[in-house]
2 protein chains.
Amino acid sequence: MRLKELALHLGLSQTTVSRALNGYPEVNEETRQRVLDAARRYDYRPNASARRLATGRAGAIGIVLPTDRNMLLDPHYIEFQAGLGERLMKDEIDIVLSPSKAGDEMATYRRMAISSRVDAVIVSSPTVDDPRVALLNELGLPFVVHGRTNSPLDYAWLDIDNEGAFRHAAKHLLDLGHRRIGLINGETRHNFALDRDRGFRRALAAHGVEVDENLVAEGIMSDETGYRITARFLAQRPRPTALLVSSMMMSLGALRAIRSAGLELGRDISMIAHDDVIPFLNPDAMVPTMSTTRSSIRAAGTRVAELLMELIVEGRSPASIHELWPVDLVVRASTGPAPRD
Amino acid sequence: MRLKELALHLGLSQTTVSRALNGYPEVNEETRQRVLDAARRYDYRPNASARRLATGRAGAIGIVLPTDRNMLLDPHYIEFQAGLGERLMKDEIDIVLSPSKAGDEMATYRRMAISSRVDAVIVSSPTVDDPRVALLNELGLPFVVHGRTNSPLDYAWLDIDNEGAFRHAAKHLLDLGHRRIGLINGETRHNFALDRDRGFRRALAAHGVEVDENLVAEGIMSDETGYRITARFLAQRPRPTALLVSSMMMSLGALRAIRSAGLELGRDISMIAHDDVIPFLNPDAMVPTMSTTRSSIRAAGTRVAELLMELIVEGRSPASIHELWPVDLVVRASTGPAPRD
DNA sequence: CTGTTAGCGCCTTCAA
DNA sequence: TTGAAGGCGCTAACAG
């Protein structure tokens, strides 16, 4: 069913039918009802491409999907997508995933912009100096960064307070008497990891504790990385009495290494992990329950979608969009006082 | 830059430029080169909506994204997406995620089809009797099911041999002398889980071993579920000497429960888990290494994309698309002979 | 309040 | 081998 036919059936012009359907105020209420009824009866839906061509709006927001093995380690990504979806659903806005090889992302953003496939894009996991911000700015494609990056430009971003989160977590451990604290971080080419590193160091500095660089490590946020780094840390003497871990997934591996070393979490060694609140990794279900710095990545997705809509629909200024979300420290059973030697 | 302007710059008609760009054979080679050069120089890209409107093809394939908490437990999903992307990238085909509430998926598929947002869709995680197959068939929207479902219709599908995988795995355990084998399955409303259940039972039956229904359980495939079910199984007397587990994520929880019970994996109790080959959960990195039934979900994504393209571009018949992939049994250190009492 | 008329940017038939 | 013209389905000025 096309608009034309529908109009014909109704004995109205396409214009009127279109207006009735799109909620224009100048349409007679009775006429509108007739149109709406007919549309429902015939299961009419405007053709997406035609509408886009006519309005110049794509009705979609874009995400560049890096397909390389090393980039997609992130099980959190799907939660973020779900969060986006939750909000975009309301306006029937689609999410367009544009697959891209690593190194080719810039070209992919370009393509999305120039072919006007999408009205805006999301920049995820920004690196410390992320070239995407300048590119998108130049292309004039609206975007929101999930995270932050160094840029002279005043772009729209939403980030969680990674620095504060890890500072508070480290402080909590210090207050419990821990002095040898290990940091198991994500890759510091990503800004969030650098922020966490910074928070960790500041807390130690504030307590006059020197950082042992042998107890600072980074890697992709996998179970395996968590295991390997923890095993290495635990081999040192004196060994660390506490760990700060960048993801729940890593904490699983860390926990294995701790058990393998014959230690008991929460007594011999403490741990705080960052929790993105993903449903299949619940800190309350762990044994012992895991102390965490908590911030829902799904909620972030929803909010990013909201901001995107404001950018597109209301023409809100990107420069006015800077949201730094506080992060909760949730103390559970994996943290305890530092053991006496 | 629009086609019109580009043509103007070149002193050619839009038609010729369009043909040159789209590889029509009737264009003079020299002309084509000039056009191609100019297009590159001006960074010209056809407007996606306009092209779609003109050709009737959307240049995108659709996935309905259920945003409800309980449905998205699947960290495997992102790997599947990456696999799709790997193939679709070649033809610059986008993936359109259409967010949908649970229960509303059918309407979302409808919407995608009628508004011709996409050329084809993917049906993931089909239930035992999945209504989507009939709907899409009726809508005439091409689709490939990743998995299988009961339907009188002859639809296109790609599935892994879940039945065979779990049959072999169970047989392997039986051959090692295990008699009390537990099954920790995904939700059996999903067809794959039912197939695994079937394979498990057949293997036991073939060995004349009766299934203890107290050692068969299912749930969402999370760490937590794995832990809870395993703890319950281990509380039984006599306790099981082996476990068949539906996902690596579950196996992490199971392993925790085993350790909490003071048992050693691979000696006191054996385990085989299904491995979708996701990069952040590597069975070789576990301690002990985990025996698995292995099948790359990413590879499946790539192949599904390929099939989709054949469906759309070459008009291949859906009825000719039935791929059942064998599943490898990879024996590692988590399986050993059944312990003597 | 409704209709007429032009496009949106591209592809494609038909004619040259 | 190239071009002119029409149309894909919809929206949006501009009239009435």
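See the structure shown above.
Because the structure is predicted, anything quoted here is derived from the model rather than measured.

Asker: What should I look at first to understand the pattern of salt bridges in this one?
Answerer: Here the idea is simple: oppositely charged side chains can pair when their charged atoms come close. All names here are of chain A. Under the counting rule described, the total for this entry stands at 66 salt bridges over all chains. Its salt-bridge partner being D119, residue R57 comes within 3.9 Å of it at the nearest N-O pair. On the criterion of sequence distance, the pair formed by R57 in the loop between helix 4 (48-55) and strand 1 (60-66) and D119 in the loop between helix 6 (105-114) and strand 3 (120-124) is long-range, its members being 62 residues apart. For D119, a relative accessible area of 12% translates into the label buried.

Asker: Explain the packing of helix 4 of chain A against helix 4 (residues 48-55) of chain B here, please?
Answerer: Between two packed helices, both the angle of their axes relative to each other and the distance between the axes serve to describe the pair. For the pair helix 4 of chain A and helix 4 of chain B, interaxial distance at closest approach is 8 Å and the crossing angle is 135 degrees. The angle between helix 4 of chain A and helix 4 of chain B falls in the class oblique. With respect to the hand of their crossing, helix 4 of chain A and helix 4 of chain B are arranged in left-handed fashion. From helix 4 of chain A, A:S49, A:A50, A:R52 and A:L53 reach across to helix 4 of chain B, where they touch B:S49, B:A50, B:R52 and B:L53. Within the contact of helix 4 of chain A with helix 4 of chain B, the residues separate by chemical class into 4 nonpolar, 2 polar and 2 charged.

Asker: Whenever I open this one, the protein's contact with DNA strand D confuses me. Can you help?
Answerer: Taken together, 27 residues form the shell around DNA strand D, and within it A:R2, A:L3, A:Y24, A:Y44 and B:T31 come nearest. Restricting attention to atoms of DNA strand D within 4 Å of the protein, one finds that 60% of them are sugar or phosphate atoms. One of the side-chain nitrogen or oxygen atoms of A:T15 is found 2.9 Å away from a base nitrogen of DNA strand D. With respect to DNA strand D, the side chain of A:S18 contributes an N or O atom lying 2.7 Å from a phosphate oxygen. The set of elements that each furnish at least two residues to the surface near DNA strand D consists of helix 2 (14-21) and helix 4 of chain A together with helix 2 (14-21) and helix 4 of chain B. Looking at side-chain class alone, the surface near DNA strand D contains 10 nonpolar, 11 polar and 6 charged residues.

Asker: Would you explain the interface of chain A and chain B in this entry?
Answerer: How large an interface is tends to be reported as the accessible area lost when its parts come together. Of the residues lining the interface, 59 residues belong to chain A; the matching set on chain B comes to 59 residues. Interface area, chain A with chain B, both sides summed: about 5,600 Å², of which 60% is carbon and sulfur. Along the contact surface separating chain A from chain B lie 6 salt bridges. One salt bridge connects B:E92 with A:R111, and the closest N-O pair in it is separated by 3.6 Å.

Asker: Quick question: what am I supposed to make of the nonpolar core here?
Answerer: Burial of nonpolar side chains together is a common tendency in soluble globular proteins. A:M271 and B:M271 are the most contacted members of the largest nonpolar core, which has 54 residues in total. Ignoring anything within four residues of it in the chain, the contact list for A:M271 reads A:L243, A:V245, A:S251, A:A254, A:L255, A:I258, A:L265, A:M290, A:S291, A:S334 and A:T335. If you look at the next biggest cluster of nonpolar residues, it comprises 51 residues, including A:I63, A:L84, B:I63 and B:I122.

Asker: Would you mind going over the sheet that holds strand 11 (residues 322-325) of chain A with me for this structure?
Answerer: Paired through their backbone hydrogen bonds, the strands of a sheet run either parallel or antiparallel. Read from one edge of the open sheet, 12 strands run 11(A)-5(A)-4(A)-3(A)-1(A)-2(A)-2(B)-1(B)-3(B)-4(B)-5(B)-11(B), paired in mixed fashion. Either end of the sheet is taken by a strand with one partner, and the two such strands are strand 11 of chain A together with strand 11 (322-325) of chain B. Geometrically, the sheet is characterised by an average inter-axis angle of 20 degrees between neighbouring strands, direction not taken into account. Relative to strand 2 (residues 94-100) of chain B, strand 2 (residues 94-100) of chain A is paired through 3 bridges, and the arrangement is antiparallel. Pairing of A:V96 across the sheet is with B:V96, part of strand 2 of chain B.

Asker: Could you clarify how one ought to interpret the relation of the copies chain A and chain B in this entry?
Answerer: Think of it as a corkscrew move, a rotation about one axis and a shift along it, taking one chain copy to the other. Least-squares fitting of chain A to chain B yields an RMSD of 0.1 Å, with the superposition described by an axial translation of 0.0 Å and a rotation of 180 degrees. What the rotation and shift describe, once combined, is the action of a two-fold rotation axis. Of the interface residues in chain A, 100% have counterparts in chain B that sit at the interface too, so the contact is made through matching surfaces.

Asker: Mind showing me how you'd approach the pairing of strand 10 (residues 291-294) of chain B here?
Answerer: Strand residues, when the strand is regular, have side chains that alternate between the two faces of the sheet. Residues and elements named next belong to chain B. By the bridge criterion, 4 bridges tie strand 9 (residues 270-275) to strand 10 in an arrangement that is parallel. Each residue of the ladder has a partner; that of A273, found in strand 10, is T292. Looking at chain direction, strand 10 and strand 12 (residues 328-330) are connected through 3 bridges and run antiparallel. Each residue of the ladder has a partner; that of T292, found in strand 12, is V330.

Asker: What is the right way to look at helix 3 (residues 29-41) of chain A in this model?
Answerer: A turn of α-helix holds 3.6 residues, and therefore any two residues three or four places apart point the same way. Residues and elements named next belong to chain A. If you check helix 3, its first and last C-alpha atoms are 18 Å apart, about what 13 residues at 1.5 Å a residue would give, namely 18 Å. Those residues of helix 3 that sit buried are T31, R32, V35, A38 and A39. Around the axis of helix 3, the buried residues are gathered within 130 degrees of arc, so they sit on the same side. When the buried face of helix 3 is taken as reference, the exposed residues oriented beyond 90 degrees from it are E30, R40 and R41. On the buried face of helix 3, the contacting elements are helix 1 (3-10) and helix 2. Two or three places before E30, at the opening of helix 3, N28 has a side-chain oxygen 2.7 Å from that residue's backbone nitrogen. With its phi angle positive at about 55 degrees, D43 sits one or two positions after the end of helix 3.

Parameters and conventions
Residues numbered from 1 in each chain as written. Chains lettered and ligands numbered in written order. Predicted model: local features only at pLDDT ≥ 70, side-chain atom pairs only at ≥ 80, totals over all residues. Heavy atoms only, no water. Salt bridge = Lys/Arg side-chain N within 4 Å of Asp/Glu carboxyl O. Helix = DSSP H or I, 4+ residues; strand = E, 2+ residues; numbered from the N terminus. Buried < 20%, exposed > 50% of the residue type's maximum accessible area, 1.4 Å probe, protein only. Axes fitted to C-alpha atoms, helices over the stretch in contact; angles between N-to-C directions. Parallel < 35°, antiparallel > 145°, perpendicular 65-115°, else oblique. Left-handed = near helix turned anticlockwise from the far one by under 90°. Contact = heavy atoms within 4.5 Å. Nonpolar A, V, L, I, M, F, W, Y, C, P; charged D, E, K, R; others polar. Near = heavy atom within 4 Å. Polar contact = N/O pair within 3.5 Å; in protein donor to acceptor, adjacent residues only side chain to side chain. Buried area = accessible area lost by both parts, 1.4 Å probe. Core = buried A, V, L, I, M, F, W, Y, C linked by side-chain atoms within 4.5 Å. Pairing = 2+ DSSP bridges. Least-squares fit on C-alpha atoms with pLDDT ≥ 70 in both. Expected span 1.5 Å × (residues − 1). Arc of directions from axis to C-beta.

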